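Here are the chains, one letter per residue:
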Amino acid sequence: MRHVDTAPLSGDELARIDAYWRAANYLTVGQIYLLDNALLERPLVPADIKPRLLGHWGTSPGLSMIYTHLNRVIARDDLDMMYVIGPGHGGPAIVANAWLEGTYTQTYPSITRDAPGMHHLFRQFSFPGGIPSHVAPETPGSIHEGGELGYSLTHACGAAFDNPDLVVACVVGDGEAETGPLATSWHVNKFLDPAGDGAVLPILHLNGYKIANPTVLARIPESDLDAMLRGCGWEPYLVSGDDPARVHQQLAATFDHVLGEIRAIQHRVRQSPRSSESSGHVPPRWPMIVLRTPKGWTGPKEVDGLPVEGTWRAHQVPLAEVREKPEHLVQLEAWMRSYRPQELFGADGAPRPEVIDWLPRGDRRPSANPHANGGLLTIELDLPPVSDHAVALNGPGESAAAATQVLGTYLREVFRRNAHQRNFRLFGPDETASNRLDAVYAATAKAWQAEILPTDVSLATDGRVMEILSEHTCEGWLEGYLLTGRHGMFSCYEAFTHIIDSMFNQHAKWLQVAQKLTWRRPIPSLNYLLTSHVWRQDHNGFTHQDPGFIDVVTNKRAEVVRVYLPPDANTLLHTIDRCLRTRNLVNVVVAGKNPEPVWLSIGEADLHCARGIGIWEWASCDEGAAPDVVMACAGDVPTLETIAAVSILREHLPELRVRVVNVVDLMRLQPDTEHPDGLSDAEYDTIFTADRPVIFAFHGYPWLIHRLTYRRHGHDELHVRGYIEEGTVTTPFDMVVRNNMDRFHLVMDVIDRVPGLAVKAAHVRQHMVDARTRHHEYVREFGGDMPEVRDWMWTAR
């Protein structure tokens, strides 16, 4: 592994930098331990110590060492640089640096940069009513919480896309490096365009240990680590040591060198334009740093006779019984005084000028970089008229269209209209064409920096469609892109969106907290398009059939999440248009990619989306009277089966008063006291009635509808059909039959649930039972659906 052996720091520079680093370490320890006596104006006593010691010391000195040297090069070169911290549990270190830079006081004026402010800073950390221990939304300069490990490098890369002047320094913890998402994200360098994107500088921090075990990358031979990183396309530089002065010099020299390499790569590409689809270009080998320093560096060497610094014992709180053990209290005070706080802070508690007067100013401070508060930089999308892409319609169901294919033409125009702003991207795991969104390739190609062969299609170095067969990487890219103020959408097979359940969870929590912070400006929403969904995965089979991601989403706070189930192509257009205009939300849209009937004109679809839920009068037959039954549906295939069932009812039971209700905004089912989109009880009763049976055909698991409506009047009369884990490789209609959501079963449900209808309509029910039997025999003989099902169209008027 390469080394840079020069010593660029003068004596004065080294002293300033080391003083700043010691100040950050002192403030970090103080946050973890102290309730009072912040400046150690008297000997520590047990009452000065927090009753619950929470936080992570082990990674913090390394994070502050990197932060210190980033500040040096930012101030010297006037760099636009962000700092993404993979081991976000080192939160007290990042808060300490933000306080030293003055950003923390600007953000939270009550936490002044003096003794009272330091006292407040210490007391609030991991304390009731205070701040979390991680690099949370409350931390200025952060876009990455880092509590759940594995996503730092993808977030950093997402931030760099379309930000050509930005450098994102990204610390990857060696524990984090053991996660699957991080292992894949070493390949992000094949997608960063030196011409149009910024740069990512990974810093792999090898401090050797996780909570209770050594880390893999710290224990393998250096030659193997070098080979691994080079094999992933990086040029690694090693900085290693435990003597602060030597590490300062090494790290300063290495930062100078790698930033020079980054500038040279960008200059070379930007001064010699290449064809965006060139097959002869060689992707750049971006530099990275491997920093090897001890875990818990500068902390206690031993505690109770056991080694701590340089071991797993330094990971969290090295001295855990400070209130109970006098020797621990003495050791803590010695540890804090080892940073020589009297040299760092004046009598008033403010940092001494020589400690901070060399730092970057204004927006150049990492903790004040506007990219880390992306709403400040957001430019509205120029969205095309939805009507330009509408499916023409003479009457309900008379046209058919693949909803996502129609949407692809709309997204193509979104790319074209915003090409000059370069603020929209489409993300997906190798599925853009499979999901029938490939019309976008007329406007932009797929991003690709590796070799391009003549047989490749739609690959280009400046492409704006992002595909890699890793849902984690796609999600991380998009999150980083959104958090820095741009817009995007993630298209994925419905069943495999579960792969990023936890990433969604973290982002939703981030948004929930960020909405309460007035200084964090709203960012564009995270938009999911779930397609190739459960009801049309008959060819791939049981493993690909799972609609449960929306269940995960609806667990989150109401102010953060929305779920949409557009019934046709025109409604999908309006739904996506609305989602791209929202802020600080997670929008989940489920839509099929196969041809399905188009029920609503583009104008009707607009009104339906505005309502979120509505009575379809053209399909209903309850005018002027209360319905005998309400046929509700949510989702494209459930809507098809419901309308087909209504057609059968109108033919065989014409006296039956049927109301058809379609739900496009799933959250409308919740009470308005629980969700901003929810219906009042009065509105709900007006649509669904309070006492009539409701047969609800639902895209997902039936119990979700019951969960959303359990407080509603007439809940006992609500009967939901949906996916019940019955699936295989079969025909499209057999999928709904297997899960009892087919048109014949829905008719049977009506007969069984409407009072007095069972005896009167016994012959109709028997026909439905027979139809299911005929279906069963037909598909097993011919391998396709019965013509009466396959070719059915709505004809009632």
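Nothing here was measured: the structure is a model prediction, and the numbers come from that model. (Residues numbered from 1 in each chain as written. Predicted model: local features only at pLDDT ≥ 70, side-chain atom pairs only at ≥ 80, totals over all residues. Heavy atoms only, no water.)

### Let's talk about the overall build of the chain
- A tally of helices and strands in the chain yields 27 helices and 22 strands.
- If one aligns the C-alpha atoms of the chain with their principal axes, the spans along those axes are about 95 × 65 × 45 Å.
- Counting the 797 residues in the chain, one finds 64% classified as buried.
- For the chain, long-range pairs separated by at least 24 residues make up 78% of all intrachain contacts whose partners lie at least 6 apart in sequence.
- As presented, the chain carries roughly 27900 Å² of accessible surface, and 52% of it is formed by carbon and sulfur atoms.
- The chain carries 73 positive and 99 negative side-chain charges, and their two centres are separated by 3 Å. (Helix = DSSP H or I, 4+ residues; strand = E, 2+ residues; numbered from the N terminus. Buried < 20%, exposed > 50% of the residue type's maximum accessible area, 1.4 Å probe, protein only. Contact = heavy atoms within 4.5 Å. Areas by Shrake-Rupley, 256 points an atom, 1.4 Å probe, with all protein chains shown as cover. Lys, Arg positive; Asp, Glu negative; His and termini not counted. Charge placed at Lys NZ, Arg CZ, Asp CG, Glu CD.)

### Re the pattern of salt bridges
- Counted under the stated rule, the structure contains 46 salt bridges.
- Arg364 is the partner of Asp80 in a salt bridge, and the nearest nitrogen-oxygen pair spans 3.9 Å. Here the residue Asp80 occupies a position in strand E1 (residues 80-85), and Arg364 occupies one in the loop between helix H13 (353-356) and strand E8 (399-402), the gap between them amounting to 284 residues.
- Residue Arg364 is classed as partly exposed on the basis of its relative accessible area, which comes to 27%.
- Of the charged contacts, one joins Glu655 and Lys760 as a salt bridge, the two residues approaching to 3.4 Å between their closest N and O atoms. Linking Glu655 in the loop between helix H20 (636-652) and strand E20 (658-663) with Lys760 in helix H25 (residues 757-760), this pair joins segments that are 105 residues apart in sequence.
- Given a relative accessible area of 41%, Glu655 falls into the partly exposed group.
- Beyond isolated ion pairs, a larger network of salt bridges with shared partners links Arg2, Asp226, Arg230, Glu235 and Glu261. (Salt bridge = Lys/Arg side-chain N within 4 Å of Asp/Glu carboxyl O.)

### Observations concerning the packing of aromatic side chains
- Inspection of every chain in the model, using the stated rule, returns 29 aromatic pairs.
- Ring geometry for Trp599 and Trp618: centres 5.9 Å apart, planes at 15°, overall stacked. Note that Trp599 is positioned in the loop between strand E17 (595-598) and helix H19 (602-611) and Trp618 in the loop between strand E18 (613-615) and strand E19 (629-634), a separation of 19 residues in sequence.
- Each residue in the set Phe161, Phe191, Trp448 and Trp477 is aromatic and connected to the rest through ring pairs, giving one cluster.
- In this structure, Arg425 is placed above the aromatic ring of Phe161, and the distance from its NZ or CZ to the ring centre is 4.5 Å.
- Sitting above the plane of the Trp792 ring, Arg743 keeps its charged end 5.5 Å from the centroid. (Phe/Tyr/Trp six-rings, centres within 6.5 Å; stacked < 30°, edge-to-face > 60°. Lys NZ or Arg CZ within 6 Å of the ring centre and 35° of its normal.)

### Looking at helix H14 (residues 403-417)
- Given a rise of 1.5 Å per residue, 15 residues ought to cover 21 Å, and the 22 Å separating the end C-alpha atoms of H14 matches this to within 8%.
- Taken together, the buried positions of H14 are occupied by Ala403, Thr404, Val406, Leu407, Gly408, Tyr410, Leu411, Glu413, Val414 and Phe415.
- Looking at the buried residues of H14, the elements they touch are E8, strand E9 (424-428), strand E12 (465-467), strand E13 (487-493), strand E14 (526-531) and helix H18 (569-579). (Expected span 1.5 Å × (residues − 1).)

### Some words on the sheet that holds strand E22 (residues 718-721)
- As summarised here, the arrangement of the five strands in space is E18-E20-E19-E21-E22, forming an open sheet in which the pairing is mixed. On the outer flanks of this sheet lie E18 and E22, each paired with one strand and no other. Pairwise comparison of adjacent strand axes, ignoring direction, gives a mean angle of 20° for this sheet.
- Examined bridge by bridge, E19 and strand E21 (residues 694-698) share five bridges and lie parallel to one another. (Pairing = 2+ DSSP bridges. Axes fitted to C-alpha atoms, helices over the stretch in contact; angles between N-to-C directions.)

### Concerning the sheet that holds strand E4 (residues 235-240)
- Reading across from one edge, E1-E2-E3-E5-E4 is the order of the five strands in this open sheet, with parallel pairing throughout. Strand pairing shows two members of the sheet lacking a second neighbour, E1 and E4, which therefore form its edges. Taking the axes of each pair of neighbouring strands and ignoring which way they run, one obtains an average angle of 20° across the sheet.
- Sheet analysis places strand E2 (residues 166-173) next to strand E3 (residues 199-206), joined by seven bridges and oriented parallel. Looking across to E3, one finds that Gly173 is bridged to His205.
- Packing against the sheet, helix H9 (residues 222-231) makes contact with E3, E4 and strand E5 (287-292), and its axis sits at approximately 145° to E4.

### A closer look at the side chain of Ser470
- Position of Ser470 among the secondary structure elements: in the loop between E12 and helix H15 (471-483).
- Contact partners of Ser470, with chain neighbours within four places excluded, come to Thr184 and Pro429.

### Side note on unusual backbone geometry
- Although it is not a glycine, Leu40 adopts a positive phi angle of roughly 55°.
- Here Leu40 lies in the loop between helix H1 (11-33) and helix H2 (60-77).
- The backbone phi angle of Asp78 is positive, close to 55°, even though this residue is not glycine.
- By secondary structure assignment, the location of Asp78 is in the loop between H2 and E1.

### Focus: the pairing of E3
- With eight of eight residues buried, E3 lies mostly within the body of the structure.
- Every second residue of E3 is oriented toward a common face, with Ala199, Leu201, Ile203 and His205 on one face and Val200, Pro202, Leu204 and Leu206 on the other, all of them buried.
- You can see the chain leave E2, run along helix H7 (residues 180-185) and come back into E3, and the turn it takes is right-handed.
- In this structure, E3 lies alongside E5, joined through four bridges in parallel fashion. Looking at E5, one finds that Leu206 is bridged to Arg292. (Right-handed = clockwise from strand over helix to strand, strands pointing away.)

### Some details on the side chain of Asn527
- With respect to the helices, strands and loops of the structure, Asn527 is situated in strand E14.
- The class of Asn527 is buried, set by a relative accessible area of 4%.
- A polar contact of 2.9 Å, which involves the side chain of Asn527, links it to the side chain of Asn587.
- Residues contacting Asn527, with those up to four places away along its chain left out, are Leu478, Gly488, Met489, Phe490, Cys579, Leu580 and Asn587. (Polar contact = N/O pair within 3.5 Å; in protein donor to acceptor, adjacent residues only side chain to side chain.)

### Some details on the pairing of E14
- Counting buried positions along E14 gives six out of six residues, so the element sits mostly inside the fold.
- Burial of the side chains of E14 extends over both faces: Leu526, Tyr528 and Leu530 are buried on one face and Asn527, Leu529 and Thr531 on the other.
- Where E13 lies against E14, five bridges are found, and the strand directions are parallel. Looking at the pairing, Cys492 lines up with Leu530 of E14.

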